[in-house]
Structures are given as structure tokens and as C-alpha cells.
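The lines below spell out each chain.
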Amino acid sequence: MAYSTEPSFLNEEGGIMGVSDCSVFPAVFQDVSLMVIFGFAYFLAFLHRYGFSSIGFNLLLAALGVQWAVIVDGFLFHFSAGKIRINLQSILTAIMSITAVLISTGAILGKANLMQLIWMAMIEVTVFTVNRWLAVNLLQIESHVSVMHVHLFGAYFGLMVSWTLYHSSLSRKAEKERSRPISDMFAVLGTLFLWVFWPSFNSVLIPEEDKKWTAVYNTYFVMATSTIAAFSFSMATSKNGKLSMAHIQNATLAGGVALAFSASNIQQPWIAMVLGLAAGTISVLGMAYLQKHLDPALQIHDTCGVLYTFGLPSLLGGIIHVILILTNHSKIVQILNADLVSIYFLGLILSCKLWKTPPVTKYFDDQVYWEFPHLAVGF
Amino acid sequence: MAYSTEPSFLNEEGGIMGVSDCSVFPAVFQDVSLMVIFGFAYFLAFLHRYGFSSIGFNLLLAALGVQWAVIVDGFLFHFSAGKIRINLQSILTAIMSITAVLISTGAILGKANLMQLIWMAMIEVTVFTVNRWLAVNLLQIESHVSVMHVHLFGAYFGLMVSWTLYHSSLSRKAEKERSRPISDMFAVLGTLFLWVFWPSFNSVLIPEEDKKWTAVYNTYFVMATSTIAAFSFSMATSKNGKLSMAHIQNATLAGGVALAFSASNIQQPWIAMVLGLAAGTISVLGMAYLQKHLDPALQIHDTCGVLYTFGLPSLLGGIIHVILILTNHSKIVQILNADLVSIYFLGLILSCKLWKTPPVTKYFDDQVYWEFPHLAVGF
Amino acid sequence: MAYSTEPSFLNEEGGIMGVSDCSVFPAVFQDVSLMVIFGFAYFLAFLHRYGFSSIGFNLLLAALGVQWAVIVDGFLFHFSAGKIRINLQSILTAIMSITAVLISTGAILGKANLMQLIWMAMIEVTVFTVNRWLAVNLLQIESHVSVMHVHLFGAYFGLMVSWTLYHSSLSRKAEKERSRPISDMFAVLGTLFLWVFWPSFNSVLIPEEDKKWTAVYNTYFVMATSTIAAFSFSMATSKNGKLSMAHIQNATLAGGVALAFSASNIQQPWIAMVLGLAAGTISVLGMAYLQKHLDPALQIHDTCGVLYTFGLPSLLGGIIHVILILTNHSKIVQILNADLVSIYFLGLILSCKLWKTPPVTKYFDDQVYWEFPHLAVGF
């Protein structure tokens, strides 16, 4: 195990990074690291009695998992002359692989002990990396695309583990399983950081400079529209036209998840924007209508709703990716353009509550716009 | 609407970005995005019952507004052959234009409903972009300077809207309109992020590499001195020599606002430092003495004090910018140098409270140094 | 005092930055600034009644101290023709020098008034910079290495000041000297930011591109292993196998501190990893067993435990640095490899508590895994 002698990482094996200018990467390295160490930690800290564990265990799993991922990735992709060569690409891939573990953790948050989480992390990283090796070497999938099924893998792996830990008493939501306004304020901190740095996540491993930028722009637009869908449908699905913080925390990220596979292939911003609307919509509708019925039926208990933030949107993204490869883009664009406009308007019209001016006594008060299942308002 | 085919953005129209090395930009793109999505959100989250709305609405307005700004900016600046070309410059300009909306939101925080905010955002972005187009094409102002009146525009646009929403009962400060220690802890989080990334904001659109760095250095120094002014005058203006968290949250940023126009033109750090002291001082004095009398007189109610954080400092910055263009720098510097030293010492001498050592029973206690209008101390 | 005319900073004096490509630095400049202005502020905000002061004073000391450090550093290193030349290197060095002050502040947190802190900052920055000048000019130490004793200097300077402020009543821990879950949530925010950006801190001043990357990788691994050691030994040292948030907040950073001197010299990841384990272990063991006895004996009161986060780990780092220079690396590696494996396993076996599956009634509850000396659980 040694550091690669090349200053940057023009790797021969996977061909991921053909970029000669390494100067772009230090910042992006930190962006992705910040998402994993900080973003996911606070994103998961919404349970009012489980904040320390959400943040602390996230840090430990990331620290352990990255080392393990570097070793497994090194043996499969960067092994030569009896040594693993470590370079920026292998560390970046390791950090991104860990995302799978952190997503899975969301599904079993609060139910598994630390040792179970550590075992899950080790196994999950190994399986994910072997999967990537198969994809690159047998299916000839580009290496950077192979990393991008991390959301899909993490979500369904977590749900599977959640299924093994299922206990019937979990179907009644415990008081400890709720958030409070103050813990939501911490959780939304994580959401916003994930939101801002998602363009880095979707673009960092793409070798060509212009494709990298296309991925950045597309991700930015897809995040923007999934945010709009999250707000519109969160209001539309509630009884009294109020917003749910849980929807906002989760569905605003669905666009970035859905775009992961095709971030650099989409040449028309409209396509990214429609994908974001669809992903945000699916995510909110899933949380609002599906979760209540699906979870007991499948005997799973998904604490953080990873199926709706990561599972369904990445499934959608995969399907769209295949469609985009198989068909002519420009036709789809025209059809989707019409959809786009109508969905936008639908959302805004449905949210009629928005139009009512609050009385002066209701100024400076979240209760006008937000649902508070936890009773306590303010902090 | 399509992505520009050039890898970077050597644009012919506005001439903003003549930089051939694009590697500097991804990080700065994220810096500005972080300020808009995260920094402003938490900066506005100081009301203890309005945290969700401050953060959530900020995210929605940014997501909607950036798309609208790209379209409006595209039609005016980047329209050719029936298509809008999207590049890094246009997205960056869009993100920065949104700052105007977020500043305006501060003035009417808690009083307007979401639909009113959305309409305001649409109209404000349109007017701001048309203004920029007129400035660039009729007044021959450099494009990157034209974006920099965003603080000025945002503050006075917000105050105008606040005037239309005025209601006499607002002159009595409602309990819900106060902060609590815990909501201040979240708000100061936003302040610190805005503080750290302000050098990126003031420099990102400047095309020449050396001027860009000058802008970064100047902004750093201007932030540092406006922070010192904020602390000194916050203590000087309170009855008992204590600090006010509201002053610190707002006035520490006044320097960056005031420098916006002339960030790359100032060659002597001293000038930036004096400007920062002046901006911080004006901001605190305005909040301490002017707000109580001016707001009812003008029939405005400025929830976040944007007049004093953004309005007056950017007015000062505009005046200084004109003076610097018209006069000989070196003479001013010598005069200001003397002022600088005296203002520094004035602030420190006035803050005599600082010199008293707290008794051991007052160790570990904010109450020695900070005013708590909200009664509750600690969290 | 004037800005250097060179676009980047190929300085002749100290020879620190021979890098021709300046594009790598803007982001790293912001990283280090973020650590100082935001990271340390929240890292020190763990006292539940002293949050405003921790954050506010940190900002003021950084703002004042950076200006003073630029002036002192300028006179000693960048003075020519009657002028101080300011460039990126001098500002970066100034920001990093301030870290010494912020660490010292941790030792006397809550006990010194603002004016005492300002005087300490001025004196400490001056002494530190003179020290650096002596190291570079008399001892021929590389300039970037000379900055790296900032942790060592800051910790012991702070402890010395703490000794002068000692009062016997401080040996009984006051109620106000405790954290609460909510203030710990803010403090761990600071910890995570310091964690993520430490690779920037340890690498930013290194002139050679490939050594810079080696420093980034090594720092990442050293942080990862000191995190593992922090968790393992935090559980091992508590009565009931629970974690202590104070240990996690502090000891996870010990690795980065210990590596500071030799970040770019270590060619084998294993060495960095072992160093991280040792640093994290020393940090936790010091806090758990040494602090109670050592502090009264030495008549110091170290509010934040800077001796264990910064003092001992940087001492360890200095010793290892000398050993690495004097001896053959490869032999050490083989010995340490064996140690590494055994320490890992020791930690995991000791933490047998980890293996117990919590009952369903203890789901979603921090109390299963964390010690709460403050009684209140959740927030």
C-alpha cells in the first residue's frame, strides 16, 4: 500500500481520470468529504433523542468505511507488483462508496447497534466494490457511471437489512421516533449542504472537462426543480395546505439522486428540469401515501424514508437513463416541455393556501405554513 | 435553451469572463451557491418561531429565482439564433441576482405569504436584470460591476415592499418578533458563512486574475475591520457596555457590502480597512439610534434591519466608489490613516466595560458581556 | 503596506510558494478561513451559557489578529523599500497563525474578559511570528514547517495563561461549566468542519504539488484512524461502555494535530494511520485519567482540554517527526503494522457493550450509547 508517484492521477487501469490539470480537484475532494462527514450526519439527525448517535456513528462509519473501501478498491482496481497504489481517484471513489452505507444507515437508524452498523458497512462496501468491478470489467460500463448506482444500492441494501430487523411494534410510531422543531433545524442544515454540494458529487469523477461542467449545470437545475416539486406537492398532499418539514428535507434532494446516471449526457436543461420535477413529486407522493401502507405490508420499517429519497428517485433515474440512450432526445423534449408547464401550474394552483394573506396576529409564525406533528412550535 | 458548447466561458457578448483557465471556478461557484442557499437561510432564521419559514422559503425562492434569472438574463444577454446559451457566467450571475430577492425578503420577513414572496421574486429579478442590461448597454458600465449593486437594489426594493405592507400595530414589537438564544445561535451560523465566503462573492465575476485577487484581499480586510467596528460600537451604544447579538449578526457584514463596487480598484489595504470601519459603524449606529425613529416615520417595518446591513453600507460604498474614481487616492489615504487610528482607539476606550475582570462566579456566563432582551440565557 | 504586484505569489524571501499555478489556492484559502472563523467558533461553543461569547469573541480575535499578524509577518518577512508587501502567502500565514490564539482561548474559555483576550492575541501572534522568523533564519527550517508548530505553541501558551488565572474554586466543576445536549450539537458542528478541512490546513503552504497531495492523503487517513481510536477508547474508559461526546469532539482531531509536522514526508499510509491511532488514544486517555489529577497539581484549569486535543498530540507529532528524519522508515513500518492490527482489535474487543442488541424500547435513544453527565437527554 503506497501512494502513487504520479502527481495527479492519470490511471491506466480504469481510465477514469484523463485530466491533466489536477488543480480542479482539491476543492471538489473537500466538497465530497464535507457531504459525507457533515452533510449526511446532520441530515440523519432529525430524531430528537438520537442526534449524538446519528452524527457520531456517521463519522465512525465514514472513517472506518473509507479505509476499508480504499483497500478493497485497491485490490480490485489498483493492484500491481504486490502493492496497492493510492491516488486521488481511489480515495474519492472510496468516499463516494461510503455514501451507500450512510444511506442504508438511514433505513435502520435507531434500531441497530454500533457493531451491527460496522459489520453492515464492511459487507456493504465489499459487495458494492465487487459489483463495480463486475460492471466495469464484464459489462464495460464506464467507471464513473458505475459509482453512480451508489444511491440505488444503498437504499435497497438498507431496506433489506431493515427487513431482517423488523419488529411488529415498530408499526406504531414511538414518541422517540419523532422530530422536534429544534432537531429539524439541525437536520435541514444537513439537507442544505447536501443540496449545495450535489453538483460536485455528480460531476467529480467525470474525466472530460466539458462533460463535467454539463453535469454541474444539470445537477443544479435538477435540484432546483425537485425543490419546487417538493414544496408544491407537500402542500397539495396535506389536509390543510401546509408544508411538512420531512417532505422538504427529503424530496428536495430527490432530483440529484435521479440525475446521477445521466448527469453528463443530458444536453438540454429542460430534460434535467423535468426529471427533477418528476423525482421530487414521486418522493413526496411516496412519503405521503405509500409509506403508511407499503412499510407494514413489506415488513420493513424505514426510519428516514430512504426508499422515497433515494430508492424510487434512483430507480426513476435509471429508467430515464436507459430511455435517453435508446431514443431520440429531441422528440422527448417537446413532449416533456408541455408536461413541465402543466405540472408547474398544477402545483401552484393546488397550493391555494398560499394565496391567503395571514392576519397580523399570525405574522412571524411558522404555524401558518408548516405542519407541526410534534406539537411544540418554535425553539 | 441549450448549454454553451465551449468548455469554459469566453463570452463574446458581455466580455465578463476572458479567463482561459476555468479551473478556478468550480469551487467559487459552490461558494456563492452556499451563500445563497445556506448562508442567507440561516442568517434570516433569527426569529424563534419562524425558523422553518425563513429557511424553507429562502430555498424555494432561490430555486425558483435562479431559473427565472437564467431565462431573463439569457434573453437579454445570451440570445442568439433563437436559443439561450447557458454557461457558467449566466448561472453565476443568476445566483448572485437572487441575493437581491433574499435581502428584500429580510425586510418583510414574517409578514408576507409565500405567494407574495414568489411574485416579488419574479418581479424583482426581472427589474434587476433589465437594470443591468441598461447599465451595461447604455451607461457602458462593466458587466461585473453592474451585478454589484445587488445589495443596494435588494435593500431598497425590500423596504418599498415593506412600506406597502405596513400596519400600525407593527410598531409595537410582538413577542414572536424576538429572537431567543438558540435561534440566534442558528442565525450567527448563517452570518459566519456569509462572512467567510464574501471574498468569493466580491471577486467571482472579475475577469482579470490579478484584480480578482486584489478583490479577495480587500474584502477580507474590509470584513475584518467592519467586525471590529461592530464590536466596538455595539458596546459603546448599549447602556451598560454589553454587546448585542443583533448588531454582531448584521454589522460584521456591512464592510463586504460597502466594498462591493470598488473591490478590485482599491490598491491600498488601508482604504479597504477604513471603509470597513465606517460601514460597520454606520450599521451599528443606524440600528441603535435610527431604526426606532425612522421606521414609524417612514411607515416601514424592517424585520431584519436590511436598511442598516445592506442599505446604508451600500450607499456609502457607492459614494466612496465615485470619490475614488474622481480623486487622487494617495492623498485620501494619508488623511484616512489618521482617522483609522483614532477611530480604533475611540472604540476601545469607549468600551471601558471590557477592562473589568469578571468575578469567579461570573465565569462561563454570557450575561457578563451580552444583552439578553429575551430574558432566557443559555440553551 | 501594499498589495504585491505579482498575480500569484512567487516570493523570493521565504521561498514558500514556488507554485506557478495559482488556481489551486482560492478554494484552500476559503477552507482555512472557514476553519478559523467558523470551525473554531463552534468547536468552542460547548458551554451551554457561553455560546455567544465563544462564537463572538472568536470572530473578533480572528479579525483583529489576522490584521496584526499580517503587519508583524510583513515587517519580518516581506519588508522592502519601506513597504510591506501583502500577498496570498502572507495572508494565509496570518490566518493560520491565529489558530494559536484560538487554541489558547480554549484553555481560558469563560475565565478571561475580552480585553485580556485581545492583549493575549496581540502578544501571542507577535511571539509566534518572531519564533517563526528565528526558526526560518537561524535554524534553516522550511517556512511551511515553521507554521506547523502552531498547535504546540497555542496549547502551551494557553496553559501558561490559564496558570496565571488559576483560582482554587475552579477545581470544583461549576454547573455553568457543563455542556448540554443542544450545545454539544453546535460544538460537534465545529468539530466536523475542522475534521473535513484539516487536510487543507496541513497541505496549503507546501510548495511542491506532489508533496501537497501526499499531505492531503496522509491527513485524511490520520483523521480517520484517530476517529476510530477516539470511539474505541472513549468506550473502553467509561464505566459502562458508553461514549462521551467530549471525547469524540476532541480526540477525533488529535490525528491531524499530530501529523502537522510530517504531513508531506510520510510515504506509507500505514505510518500516518498508526500515528492517528496513537494520537487519538493519547487524547482520550489524557482526558479520562490525567486531567482530573494533573490540572489541580499543576494549578491550571483547562476549560476545553486543549492539552489533550492539541498539546500532547503535537508533542507526539514532533517526536515522531524527529524519529522519521533520523531512522529508516521501512523498518518502523513493519513493527508498527503489527501494532496497528493489535490496537484495532484491542479497541473493538474492549468495547463489548457494542455487541449487545438494544431492546425495542431503547430504539431511537442516545442513552444506550452515550453518557449524559448533564442529565437532560434529547433536545
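Residues numbered from 1 in each chain as written. Chains lettered and ligands numbered in written order. Predicted model: local features only at pLDDT ≥ 70, side-chain atom pairs only at ≥ 80, totals over all residues. Heavy atoms only, no water.

This paragraph deals with the overall build of chain A. For chain A, the helix and strand inventory stands at 13 helices and three strands. Residues classed as buried in chain A amount to 69% of the 379 residues present. With an accessible surface of roughly 12,100 Å², chain A has 67% of that area assigned to carbon and sulfur atoms. (Helix = DSSP H or I, 4+ residues; strand = E, 2+ residues; numbered from the N terminus. Buried < 20%, exposed > 50% of the residue type's maximum accessible area, 1.4 Å probe, protein only. Areas by Shrake-Rupley, 256 points an atom, 1.4 Å probe, with all protein chains shown as cover.)

The next subject is helix 7 (residues 181-203) of chain B. Residue and element names in this part refer to chain B. Compared with an ideal rise of 1.5 Å per residue, which puts 23 residues at 33 Å, helix 7 spans 34 Å between its outermost C-alpha atoms and is within 8% of the ideal. For helix 7, the principal kink sits at phenylalanine 197 and spans about 50 degrees; a proline, proline 199, occurs within the next four residues. Of all 23 residues making up helix 7, 23 are buried, and the element is well covered by its neighbours. (Expected span 1.5 Å × (residues − 1). Bend = angle between axes of the 7 residues up to and from the residue.)

We now examine the nonpolar core. The nonpolar side chains of a soluble globular protein tend to be buried, and buried together. Counting 384 residues, the largest nonpolar core has Tyr42 and Trp370 of chain A, Tyr42 and Trp370 of chain B together with Tyr42 and Trp370 of chain C as the members making the most contacts within it. If we skip the residues at most four places from it in the chain, tyrosine 42 of chain C touches Met185, Val188, Leu189 and Leu192 of chain B together with Ile55, Phe186, Ala187, Leu189 and Gly190 of chain C. (Core = buried A, V, L, I, M, F, W, Y, C linked by side-chain atoms within 4.5 Å. Contact = heavy atoms within 4.5 Å.)

Moving on, we come to the pattern of salt bridges. Enumeration according to the criterion identifies nine salt bridges over all chains in this entry. Its salt-bridge partner being arginine 49 of chain A, residue aspartate 365 of chain C comes within 3.2 Å of it at the nearest N-O pair. Residue aspartate 365 of chain C is located in the segment after helix 13 (329-350), and its partner arginine 49 of chain A is located in the loop between helix 1 (25-43) and helix 2 (51-77); the two belong to separate chains. No difference in accessibility class separates aspartate 365 of chain C from arginine 49 of chain A, as the two residues are buried. Measuring nitrogen to oxygen at the nearest pair gives 3.0 Å for the salt bridge that ties lysine 176 of chain B to aspartate 365 of chain A. (Salt bridge = Lys/Arg side-chain N within 4 Å of Asp/Glu carboxyl O.)

All names here are of chain B. Note that strand 2 (residues 79-80) and strand 3 (residues 83-86) share two bridges and pair antiparallel. Bridging from a neighbouring strand, serine 80 pairs with lysine 83 of strand 3. Where strand 2 hands over to strand 3, the hairpin turn is made up of two residues, of which alanine 81 adopts a positive phi near 55 degrees. (Pairing = 2+ DSSP bridges.)

So, about the interface of chain B and chain A. Listed as interface residues are 65 residues of chain B and, on the opposing side, 64 residues of chain A. Of the roughly 5,700 Å² buried between chain B and chain A on both sides combined, carbon and sulfur atoms contribute 73%. Applying the counting criterion to the chain B and chain A interface returns two salt bridges. Applying the counting rule to chain B against chain A returns 13 residue pairs in polar contact (both at pLDDT 80 or more). Those elements that place two or more of their residues in the side of chain B that touches chain A are strand 1 (2-3), helix 1 (25-43), helix 2 (51-77), strand 3, helix 3 (88-107), helix 4 (114-137) and helix 7 of chain B. With 13 residues, the top contributor of residues to the side of chain B that touches chain A is helix 2 of chain B. Counted by class, the side of chain B that touches chain A contains 41 nonpolar, 17 polar and seven charged residues. (Buried area = accessible area lost by both parts, 1.4 Å probe. Polar contact = N/O pair within 3.5 Å; in protein donor to acceptor, adjacent residues only side chain to side chain. Nonpolar A, V, L, I, M, F, W, Y, C, P; charged D, E, K, R; others polar.)

As a further point, take the side chain of histidine 301 of chain A. Residue and element names in this part refer to chain A. By secondary structure assignment, the location of histidine 301 is in the loop between helix 11 (269-298) and helix 12 (306-326). Judged by its relative accessible area of 9%, histidine 301 is buried. One polar contact links histidine 301 to glutamate 177, side chain to side chain, over a distance of 2.8 Å.

Another aspect to go through is the relation of the copies chain B and chain A. The two copies are related by a screw motion: chain B maps onto chain A through a turn of 120 degrees and a shift of 0.0 Å along the axis, at an RMSD of 0.0 Å. Taken together, the rotation and translation relating the two chain copies correspond to the operation of a three-fold axis. Different-surface contact between copies: only 11% of interface residues of chain B are shared with the interface of chain A. (Least-squares fit on C-alpha atoms with pLDDT ≥ 70 in both.)

Residue and element names in this part refer to chain A. Across all of its chains, the model carries 63 aromatic pairs over all chains by this definition. An angle of 80 degrees between the planes, with centres 4.8 Å apart, marks the rings of phenylalanine 38 and phenylalanine 193 as edge-to-face. Residue phenylalanine 38 is located in helix 1, and its partner phenylalanine 193 is located in helix 7 (residues 181-203); the two are separated by 155 residues in the primary sequence. There is no split in this pair, since phenylalanine 38 and phenylalanine 193 are both buried. (Phe/Tyr/Trp six-rings, centres within 6.5 Å; stacked < 30°, edge-to-face > 60°.)

Attention now moves to the interface of chain B and chain C. Listed per partner, the contact involves 64 residues of chain B and 65 residues of chain C. Roughly 5,700 Å² of surface becomes buried between chain B and chain C when both sides are summed, with 73% attributable to carbon and sulfur atoms. Taken together, the connections running from chain B to chain C amount to two salt bridges. Those elements giving two or more residues to the side of chain B that touches chain C turn out to be helix 1, helix 7, helix 8 (209-237), helix 11 (269-298) and helix 13 (329-350) of chain B.

For the rest of this paragraph, the subject is the environment of tyrosine 3 of chain A. Within the secondary structure, tyrosine 3 of chain A is located in strand 1 (residues 2-3). We classify tyrosine 3 of chain A as buried; its relative accessible area is 9%. For the pair tyrosine 3 of chain A and phenylalanine 233 of chain A, spaced 230 residues apart in the sequence, the C-alpha separation amounts to 49 Å. For tyrosine 3 of chain A, the residues in contact, after removing those within four places along its chain, are Ile86 of chain A together with Thr214, Tyr217, Asn218, Phe221, Ile266, Gln267 and Pro269 of chain C.

What follows concerns unusual backbone geometry. Phi is positive for glutamine 299 of chain A, which is not a glycine, with a value near 55 degrees. Following the sequence through the fold, glutamine 299 of chain A ends up in the loop between helix 11 and helix 12.

Moving on, we come to the packing of helix 8 (residues 209-237) of chain A against helix 3 of chain B. Packed helices, taken two at a time, are described by the angle between their axes plus the distance between the axes. The interhelical angle for the contact between helix 8 of chain A and helix 3 of chain B, taken along N-to-C directions, is 30 degrees, at an axis separation of 11 Å. Of the possible angle classes, the one that applies to helix 8 of chain A and helix 3 of chain B is roughly parallel. The two elements helix 8 of chain A and helix 3 of chain B cross, and the hand of that crossing is left-handed. On helix 3 of chain B, the residues that touch Trp213, Tyr217, Tyr220 and Phe221 of chain A of helix 8 of chain A are Leu88, Ile91 and Ile95 of chain B. Tallied by class, the residues present in the contact of helix 8 of chain A with helix 3 of chain B amount to seven nonpolar, no polar and no charged. (Axes fitted to C-alpha atoms, helices over the stretch in contact; angles between N-to-C directions. Parallel < 35°, antiparallel > 145°, perpendicular 65-115°, else oblique. Left-handed = near helix turned anticlockwise from the far one by under 90°.)

Time to look at empty space enclosed by the protein. Within the structure shown, the criterion is met by 19 cavities of 30 Å³ or more. Volume-wise, the largest cavity comes out at about 160 Å³. Lining the largest cavity are 15 residues, with Asp31 and Phe197 of chain A, Asp31 of chain B together with Asp31 and Phe197 of chain C sitting closest to its centre. If you list the elements that add at least two residues to the lining of the largest cavity, you get helix 1 of chain A, helix 1 of chain B together with helix 1 (25-43) of chain C. Considering only residue class, the lining of the largest cavity consists of nine nonpolar, three polar and three charged. (1 Å grid on protein atoms, 1.4 Å probe; cavity = no way out; pocket = protein on both sides within 12 Å on 5 of 7 lines; lining within 4 Å. Points joined across faces, edges and corners; volume = space filled by probe spheres on them.)

With that settled, consider the packing of helix 8 of chain B against helix 2 (residues 51-77) of chain C. Where helix 8 of chain B meets helix 2 of chain C, the closest approach of the two axes is 9 Å, and the angle between their N-to-C directions is 130 degrees. Classified by the angle between their axes, helix 8 of chain B and helix 2 of chain C sit oblique to one another. Crossing hand, helix 8 of chain B versus helix 2 of chain C: left-handed. Of the residues in helix 2 of chain C, those in contact with Tyr220, Phe221, Ala224, Thr225, Thr227, Ile228 and Phe231 of chain B of helix 8 of chain B are Gly56, Leu59, Leu60, Ala63, Leu64, Val66, Gln67 and Val70 of chain C.

A separate point is helix 6 (residues 150-164) of chain A. Residues and elements named next belong to chain A. Helix length check: helix 6, at 15 residues, gives a terminal C-alpha distance of 21 Å against a target of 21 Å (1.5 Å per residue), a fit within 8%. Where helix 6 is concerned, the buried positions are Val150, His151, Phe153, Gly154, Ala155, Phe157, Gly158, Leu159, Val161 and Ser162. In this structure, the buried side of helix 6 is in contact with helix 3 (88-107), helix 4 (114-137), helix 5 (143-147), helix 7, helix 10 (254-259) and helix 12.

Residue and element names in this part refer to chain A. Together, Leu76, Val130, Trp133, Leu134, Leu138, Leu139 and Ile141 give the surface a local cluster of nonpolar side chains, amounting to about 590 Å² of exposed area. Counting residues per element, the nonpolar patch draws most heavily on helix 4, at three residues. Checked against the element boundaries, isoleucine 141 lands in the loop between helix 4 and helix 5. (Patch = residues over 30% accessible without salt bridge, like charges linked within 9 Å, V, L, I, M, F, W, Y side chains within 5 Å.)

Keep in mind that low pLDDT regions are not for reading the predicted coordinates in detail. Residues and elements named next belong to chain A. Overall, the predicted model of chain A reaches an average pLDDT of 83, with 84% of residues at or above 70. With pLDDT under 50 throughout, residues 5-24 is counted as low confidence; its partners more than four residues away or in other chains account for 47 contacts. Predicted complex metrics record ipTM = 0.88 and pTM = 0.90. (pLDDT = per-residue confidence, 0-100.)

Quick look at the environment of leucine 114 of chain A now. Relative to the helices and strands, leucine 114 of chain A resides in helix 4. For the pair formed by leucine 114 of chain A and leucine 61 of chain A, sequence separation is 53 residues and the distance between their alpha carbons is 9.1 Å.

This part covers the environment of threonine 191 of chain C. All names here are of chain C. Of note, threonine 191 is situated in helix 7 (residues 181-203). A sequence separation of 147 residues divides threonine 191 from leucine 44, and the C-alpha atoms of the two residues are 9.1 Å apart. Among all residues touching threonine 191, those that are not within four sequence positions of it are Phe43, Ile248, Gln249, Thr252 and Leu253.

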